[in-house]
Amino acid sequence: MSGVTENDALHAAPKTFYLETFGCQMNVHDSEKVVGTLLHEGYRQVETVEQADLILYNTCSIRDKAEQKVFHRLADFKKLQSQGKKFGVLGCVAQQEGEKIFERAPHVSLVCGSASYRNLPQMLVQLEGASANASLVSEAIDVRDSHPAKIAQGGAAAFVEDSPAHPAGENAGVRDDASIAISPGNARDSVLAARNSGLVRITGLDDRETDKCFETEFTARSNPHRGYITIIEGCDKFCSYCVVPFTRGKERSRTSESVLAEARQMADLGYTEIQLLGQNVNSYKDPAGKRSFAELLAAVGEIPGIRRVRFTTSHPRDFGRDIVQVIDAVPALCDHVHLPVQSGSDRVLHAMRRLYDREQYLERIAWIKSSKREISITSDIIVGFPGETEEDFAQTLSLLDEVGYDGVFSFKYSPRPNTPALALEDAIPDQEKARRLEGLMARQKEIQTPRYKKYIGAIMEVLVEGRNESRGQWIGRTSHNKTLNFTAPKQATTSVGSYVQVMVTGSFPNSLLGEIMV
Ligand code: SAM
Ligand code: SF4
């Protein structure tokens, strides 16, 4: 047992925290849950690292650059440790690297995996208690990874036991520091000796199978008008380049009843836009078997008070025609589908293990284009995947022309730990990846510019999201997910969170310009 009581720990508690978030909307939403949990625990959020007792980074490991950012941040602020500040790494890098983070950044005290906000209250008590008295012995629980898909690949045990992130026997190579592992789920017990060195190390790695991550009791949403709801966690697709199945774990869906209860609660609180989230949101399977994904979309869109429903990200393999039919039928569903293709070449799609080919992808695009409404389509593309030839890349460019996207997020392929693509030969040199990325962005700009221009003269409804004082403009978002900056005369009652009609008067490659209709 620790010599520190919970009470002592709370007295010595650091009570301010700073949180920086890297990565996708899922991470942004997880951070809202972290903030809610910390506020509930009596902490106060502050704007700068200097003001904070506890400095947290919610991290992304989708590409190497994103992962390195957090280590740069940690290095930048290392000197603040001497002022007694504590550092914590949350999210995907924490889940991926585990205790290795303590080796790279010894001033870190807390390493806590994706969906880890559930464990934060216990971890904070441990952190505070350990800070007050670094002489601790605690029960440690280590998590076994049992992702069925990994077992099928013969990789489950190897992933845990052989990965340096999870050394066999947590305290193999005992260090002179306090080390506590907290984790829920299928566990094995061991006891870690903690040393009286002043360094405190607490790990809470997730079992990556839990559906407790859907509990949102203390979510502190940062926007009072539009908010996220996670409907499905993890991913079972195992694309050959992607780290997500290893960091966010097995695919699991939340019951549609629970999603709808949260959506109704948000509507009662005055939210008018809801964005349903998932790594593959359309792979959703109601555990209670009540609703398909399309039926869930319709049900959220029919909640009184909800004027806009978005959903991201859709995986092409699971994209059914019923999604387009429901967009046609329910006015609150937005005119936008984000459908990442990754490559226009069948050869590369196959090597990426994307589970569809170009023709099947284009079939889905045809369904979307046959909608009664004009639905805007956006995508993600990776250039420079190992073995991608000039001809493969040319096919990706021709796909851009064929689809006519309204926006593309393009990335240079980044080799990631644990992923099968690491073993592929014919790596593309970085300079060549950069050249292809530039070429792709230039082509997309040529496609996008006239697509934006054609809205000049149209009247569009926007949700007002903010104000740019220096330009004297309001910032709005259309149902197509386009930014529409507009001016309004003083007498017009414009406010953030309202919906207004705007006449489009100009266009840029990534935004529209307009005037409010009065
Ligand atoms: N589940 C979504 C799908 O399959 O389309 C994508 C989710 S992933 C978090 C977001 C995007 O990151 C992907 O669509 C892909 O373009 C990009 N990405 C993932 N792994 C990458 C890697 N190793 N290198 C470069 N980009 C990557
Ligand atoms: Fe990653 Fe592929 Fe899963 Fe998307 S579908 S999260 S790219 S493994």
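Scroll up for the structure.
Let me sum up the structure you'll find in this document. Computed from a prediction, not measured in an experiment: that's the story for all the values here. In every chain, residue numbers begin from 1 and rise along the written sequence. Think of it this way: whatever chain is written first is A, whatever ligand is written first is 1, and the rest follow in order. Under the rules for a predicted model, residues below a pLDDT of 70 receive no local features and side-chain atom pairs below 80 are neither given nor counted, while totals for whole chains, interfaces and linings still include all residues. The basis for every side-chain value is the complete set of non-hydrogen atoms in the structure, without hydrogens or water.

1. Observations concerning the sheet that holds strand β15 (residues 336–338)
Strand order in the open sheet formed by three strands is β15-β16-β17, and the pairing between neighbours is parallel. At either end of the open sheet lies a strand with only one pairing partner, and these are β15 and β17 (407–412). Adjacent strand axes in the sheet meet at a mean angle of 10 degrees, parallel and antiparallel pairs treated alike. By the convention used here, strands pair only if DSSP detects at least 2 bridges between them. Under the scheme used here, helices are H or I runs from DSSP no shorter than 4 residues and strands are E runs no shorter than 2 residues, and both carry numbers assigned from the N terminus. As defined by bridge partners, strand β16 (residues 376–383) adjoins β17 across six bridges and the pair is classed as parallel. Orientation is described by axes fitted as lines to C-alpha atoms, over the contacting stretch for helices, and by angles from 0 to 180 degrees between their N-to-C directions.

2. Examining the pairing of strand β22 (residues 511–516)
Here five bridges tie strand β20 (residues 483–487) to β22, and the two strands are oriented parallel to one another. The partner of F486 across the bridge, within β22, is G514. For strand β21 (residues 499–507) and β22, the ladder comprises five bridges, and the chain directions are antiparallel. Looking across to β22, one finds that V502 is bridged to I516. Connecting β21 to the antiparallel partner β22 that follows it, the hairpin turn spans three residues.

3. Things to note about the packing of aromatic side chains
The geometry of an aromatic ring pair comes down to the distance between the two centres and the angle between the two planes. The rule is short: rings of Phe, Tyr and Trp, with Trp giving its six-membered ring, pair when the centres are within 6.5 Å, and they are stacked under 30 degrees, edge-to-face over 60, tilted in between. Going through the model one piece at a time under the given rule, you end up with seven aromatic pairs. Measuring from centroid to centroid gives 5.6 Å for F293 and F311, while their planes differ by 75 degrees, and the two rings are edge-to-face. Of this pair, F293 sits in helix α11 (residues 293–301) while F311 sits in strand β14 (residues 308–312); the two residues are 18 residues apart in sequence, bridging distant segments of the chain. Ring centres of F385 and Y413 lie 5.3 Å apart, and the angle between their planes is 75 degrees; on these two criteria the pair is classed as edge-to-face. Taken together, the residues span a long stretch of sequence, with F385 in the loop between β16 and α15 (390–403) and Y413 in the loop between β17 and α16 (430–453) at a distance of 28 residues. This pair shows no difference in class: F385 is buried, exactly as Y413 is. Here's how the labels work: a residue is buried when its accessible area is under 20% of the maximum for its type, exposed when over 50%, partly exposed in between, all with a 1.4 Å probe on protein chains only.

4. Considerations on the site of ligand 1
Around ligand 1 sit 17 residues, and of these Q279, Q342, R354, D380 and S414 come closest. Here a polar contact is recorded for every N or O atom pair within 3.5 Å, except that within protein the pair must consist of a potential hydrogen donor and a potential acceptor, and residues adjacent in sequence are included only if both atoms are side-chain atoms. Between ligand 1 and the protein, one listed contact pairs a nitrogen atom with a backbone N or O atom of Q279 at 2.7 Å. Measuring from an oxygen atom of ligand 1, one finds a side-chain N or O atom of R354 at 2.7 Å. Counting only elements with at least two residues in the shell around ligand 1, the list comes to β16 and β17. Along the lines of polarity and charge, the residues of the shell around ligand 1 split into six nonpolar, six polar and five charged. If a single non-hydrogen atom of a residue is within 4 Å of a molecule or strand, that residue counts as near it. In the scheme used here, Gly and all other residues not listed as nonpolar or charged are polar, with Ala, Val, Leu, Ile, Met, Phe, Trp, Tyr, Cys and Pro taken as nonpolar and Asp, Glu, Lys and Arg as charged.

5. Looking at the packing of helix α14 (residues 358–369) against α15
At a minimum axis separation of 11 Å, α14 and α15 run at an interaxial angle of 15 degrees. For the element pair α14 / α15, the angle class is roughly parallel. The way α14 lies across α15 gives a crossing that is right-handed. Facing α14, whose interface residues are R358, Y361, L362, I365 and K369, α15 presents Q395, S398, L399, E402 and V403. Residues belonging to the contact of α14 with α15 are distributed by class as follows: five nonpolar, two polar and three charged. Should an angle fall under 35 degrees it is taken as roughly parallel, and over 145 as roughly antiparallel, whereas 65 to 115 is taken as roughly perpendicular and any remaining angle as oblique. The sense of a crossing depends on the near helix, which, turned anticlockwise from the far helix by less than a right angle, makes the crossing left-handed and, turned clockwise, makes it right-handed. Contact definition: two residues touch when any of their heavy atoms are within 4.5 Å.

6. Here we look at the side chain of Q444
Locating Q444 in the fold gives a position in helix α16. Using a relative accessible area of 4% as the deciding quantity, one classes Q444 as buried. In contact with Q444, other than residues within four places in its own chain, are L400, Y405, D406, G407 and V408.

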